[in-house]
Amino acid sequence: MDPLWNNIFRKKLDEESLSFFLKHLPIFSELSPRALSSLEKIVHVRNYKAHETIFEAGDPGSGMYMIRSGSVQIYAEDQNGVDEELARLNPGDFFGETTLTAPAPRSASARTLETTELVGLFRADIIELAERNPSVSSSILLGLTRVVSERLQAASHEIRRLRNQASIQISPENIET
Amino acid sequence: MNSPVQKPRGWSRAQVALAFLVLSAAIACGLAVYSSASSLIGLSRTAFSVLFLPLLFSLVLTFLLDPIVTQLEKLFSRTVGIFIVYILALGFVSLLILWITPHWQEFWRNMGTDFPRYTSQAIEGLKSIMASLHERLPFIEDYGFPLKVRSWAEQLMAAILAQTPQSAMKIGGLMVIVPLFTFFFLRDGRKIISACVSLAPNRHFEMAHDLSYLVSRQLSQFVRGRIIEAIIVGLVIAAGLSLTDIRYAPMLGIFAGVTNLIPYIGPIIGMIPGILIAFADLGAGAQFWWIVILYILVAQVLVDNFILIPVLISRVANLHPLLVFFAIIAGGKLYGVIGMIIGVPIVSVVKITLLEIRTYRRNFRLPESALESERPPLHVNRQ
């Protein structure tokens, strides 16, 4: 009897609740409480052991993962078949967001480094939410777009910086040295 | 060095007894597990056979009502939306019952007198055909077909009369159970599916989730399309028949609509009673030919094949005719008449699932191979 009533009536400690976690992610920081509660219903909480593969490059990608606890390594195989670490992600970080709206194979692999709890948000659920509740889904997607655009701007900035650096290196006086 | 070889030979009596006990315990355990497993399978089969029909009807009803509930969900909460749909459906069904009850009583009264008349007329027709056949091909023996047909028809009538109260009880039970199941499927269907999908191991979870979405979308479209198609065909036939003097027009429309769920064979079975009754009651006049044209040209060719199937049902779900026959025969063997009706849709459902999985895999293989071909220049650039 007890677990049932606990399940219904227990007020979750605010900090351990899923909506608390989601609200403190930069993507969802501007969501209304109503949008947050619908978001809470469509995400999937998955538990991983240490050194478990989340996905591999080339897998069909259909959504993004947010790290609730633990840490994740993003890596790719270089031409010699050796794994090359691209990034190491910690609680609050998220990855795979580019395949959320555009279906594409994963461009890199991901694995956990320790016992990890991930929160997955997938395209199918977003599409379904858009049919049921367009305003909520658009506010979720707006937050996502904002973060993705920020990353894109940072990336193009980085490309410009690298190109400038490269052109300085290739210029004649540098080649002779 | 010898001791390991020597040791088994020198087993003490206690060791032998222990080994015997362990072995017999293992065999007993195996037998117990086996018998309980087979009785468990038997139990679950019994439970399943009872639950099969209500579950099937509620699933179909869920597929039909889900779009309406989803539309209402934009205004109210989902539960309130379901209640609104239920109240509307209750009103509709009670109106239908009010309208049908007097017709239904009349129908049964007339059936009692008409059915023997139709069969005797059919037997007369058969007799004349046999006689003319005998004239032309005298070497054919008289198999007594008319007598066989008569006894078969009498058996059918007796079976219908005996089964009606029983099936009325069953239908009453369904009327209670199906709305209850449908309510929970409508309210928690998404949760149930996602709970099932979340059982998948981490590595395959994403694909399972994606596939379940794609497959359930295709399935709901298919089931909805089939049901709406059957309803419209039934309505067209009922309306077309009521323009003539034929009796039982609404019943014949319902019959044609239900049998229309079976591809290829269904429409033919659906038109047999109508054409027989028309021939017996109206003779081979203008109305008879209008009814034949209605069944074949208007309902099947024009409405079903030219309008409904292209609009409602994707060609993906088309089955090979041989597969259709297999499905009908196997379904009939398993669940009788209802099995014959649902066998084909179930096979289509399996086919849709397999196709959806294949297209999903293919879609993602293509860009991957493109990625592979792009890789070498990337490495050249890096070097």
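Bear in mind the structure is a predicted one, so any value in this text is a computation, not a measurement.

**What to know about the overall build of chain A**
And then number 1: Helix and strand content of chain A: six helices and 10 strands.
And then number 2: Residues counted as buried form 23% of the 177 residues belonging to chain A.
And then number 3: Within chain A, contacts between residues at least 6 apart in sequence are counted, and of these 71% link residues at least 24 apart.

**Observations regarding the sheet that holds strand E5 (residues 72-77) of chain A**
All names here are of chain A.
And then number 1: With antiparallel pairing, four strands are arranged side by side in an open sheet as E2-E9-E5-E6. On the outer flanks of this sheet lie strand E2 (53-55) and strand E6 (83-89), each paired with one strand and no other. The average angle at which neighbouring strand axes cross in this sheet is 30 degrees, direction not considered.
And then number 2: Sheet topology places E2 next to strand E9 (residues 109-112); two bridges connect them, and they run antiparallel. Bridging across to E9, Phe 55 finds its partner in Ala 110.

**Remarks on the pairing of E6(A)**
All names here are of chain A.
And then number 1: The buried fraction of E6 is low, at zero of seven residues.
And then number 2: Here E5 pairs with E6 via six bridges, running antiparallel. When the sheet's bridge partners are listed, Ala 76 is paired in E6 with Glu 84.
And then number 3: Count of turn residues in the E5/E6 antiparallel hairpin: five residues, of which Gly 81 carries a positive phi of about 85 degrees.

**Notes on the pairing of strand E10 (residues 116-122) of chain A**
Residues and elements named next belong to chain A.
And then number 1: Counted residue by residue, E10 has six buried out of seven residues, so it is predominantly covered.
And then number 2: One ladder, built from five bridges, connects strand E1 (residues 44-48) with E10; its direction is antiparallel. Counterpart to Asn 47 in the pairing with E10 is Glu 117.
And then number 3: For strand E4 (residues 63-69) and E10, the ladder comprises six bridges, and the chain directions are antiparallel. Each bridged residue has a counterpart across the sheet, and for Met 64 the counterpart in E10 is Leu 121.

**Thoughts on the interface of chain A and chain B**
And then number 1: Listed by partner, the interface residues are 18 residues for chain A and 17 residues for chain B.
And then number 2: Along the lines of polarity and charge, the residues of the side of chain A that touches chain B split into seven nonpolar, seven polar and four charged.

**A few points about the packing of helix H5 (residues 202-242) of chain B against helix H8 (residues 286-312) of chain B**
Residue and element names in this part refer to chain B.
And then number 1: Between H5 and H8, the least distance of the axes is 10 Å, while the angle of their chain directions is 150 degrees. Classified by the angle between their axes, H5 and H8 sit roughly antiparallel to one another. Helix-helix and strand crossings are classified by hand; for H5 and H8 the assignment is right-handed. Of H8, the residues touching H5 (which contributes Gly 225, Ile 228, Glu 229, Ile 232, Val 233, Val 236, Ile 237, Gly 240 and Leu 241) are Ile 291, Leu 294, Tyr 295, Val 298, Ala 299, Val 303, Asp 304, Leu 308 and Leu 312.

**Some remarks on unusual backbone geometry**
And then number 1: The residue His51(A) is not glycine, and still its phi comes out positive at about 60 degrees.
And then number 2: Within the fold, His51(A) resides in the loop between E1 and E2.

**Side note on the sheet that holds E4(A)**
By definition, the strands of a sheet pair up through backbone hydrogen bonds, in either a parallel or an antiparallel sense.
And then number 1: The strand order across the open sheet formed by four strands is E1-E10-E4-E7 (chain A), and the pairing between neighbours is antiparallel. Each end of this open sheet is capped by a strand with a single partner; those strands are E1 and strand E7 (94-95) of chain A.

**Structural notes on helix H7 (residues 265-282) of chain B**
Residue and element names in this part refer to chain B.
And then number 1: Its 18 residues place the ends of H7 26 Å apart at the C-alpha level, agreeing with the 26 Å of an ideal helix rising 1.5 Å per residue.
And then number 2: Of all bends in H7, the biggest is about 25 degrees, found at Ile 272, and the proline Pro 273 comes one to four residues later.
And then number 3: Among the residues making up H7, those that are buried are Gly 266, Gly 270, Met 271, Gly 274, Ile 277 and Ala 278.
And then number 4: Immediately downstream of H7, the backbone of Gly 283 shows phi near 75 degrees, a positive value.

**Observations concerning the packing of helix H4 (residues 123-132) of chain A against helix H5 (residues 134-170) of chain A**
All names here are of chain A.
And then number 1: As a packed pair, H4 and H5 sit with axes 6 Å apart at the nearest point and diverge in direction by 140 degrees. Put simply, H4 runs oblique to H5. Along its contact with H4, which presents Ile 126, Leu 129 and Ala 130, the element H5 presents Pro 134, Val 136 and Ser 137.
And then number 2: Here the residues of the contact of H4 with H5 sort into five nonpolar, one polar and no charged.

Thresholds applied
- Residues numbered from 1 in each chain as written.
- Chains lettered and ligands numbered in written order.
- Predicted model: local features only at pLDDT ≥ 70, side-chain atom pairs only at ≥ 80, totals over all residues.
- Helix = DSSP H or I, 4+ residues; strand = E, 2+ residues; numbered from the N terminus.
- Buried ≥ 20, exposed ≤ 12 C-beta atoms within 10 Å, placed from the backbone.
- Contact = placed C-beta atoms within 7 Å.
- Pairing = 2+ DSSP bridges.
- Axes fitted to C-alpha atoms, helices over the stretch in contact; angles between N-to-C directions.
- Nonpolar A, V, L, I, M, F, W, Y, C, P; charged D, E, K, R; others polar.
- Parallel < 35°, antiparallel > 145°, perpendicular 65-115°, else oblique.
- Left-handed = near helix turned anticlockwise from the far one by under 90°.
- Expected span 1.5 Å × (residues − 1).
- Bend = angle between axes of the 7 residues up to and from the residue.

The values are spatial; any link to function lies outside them.
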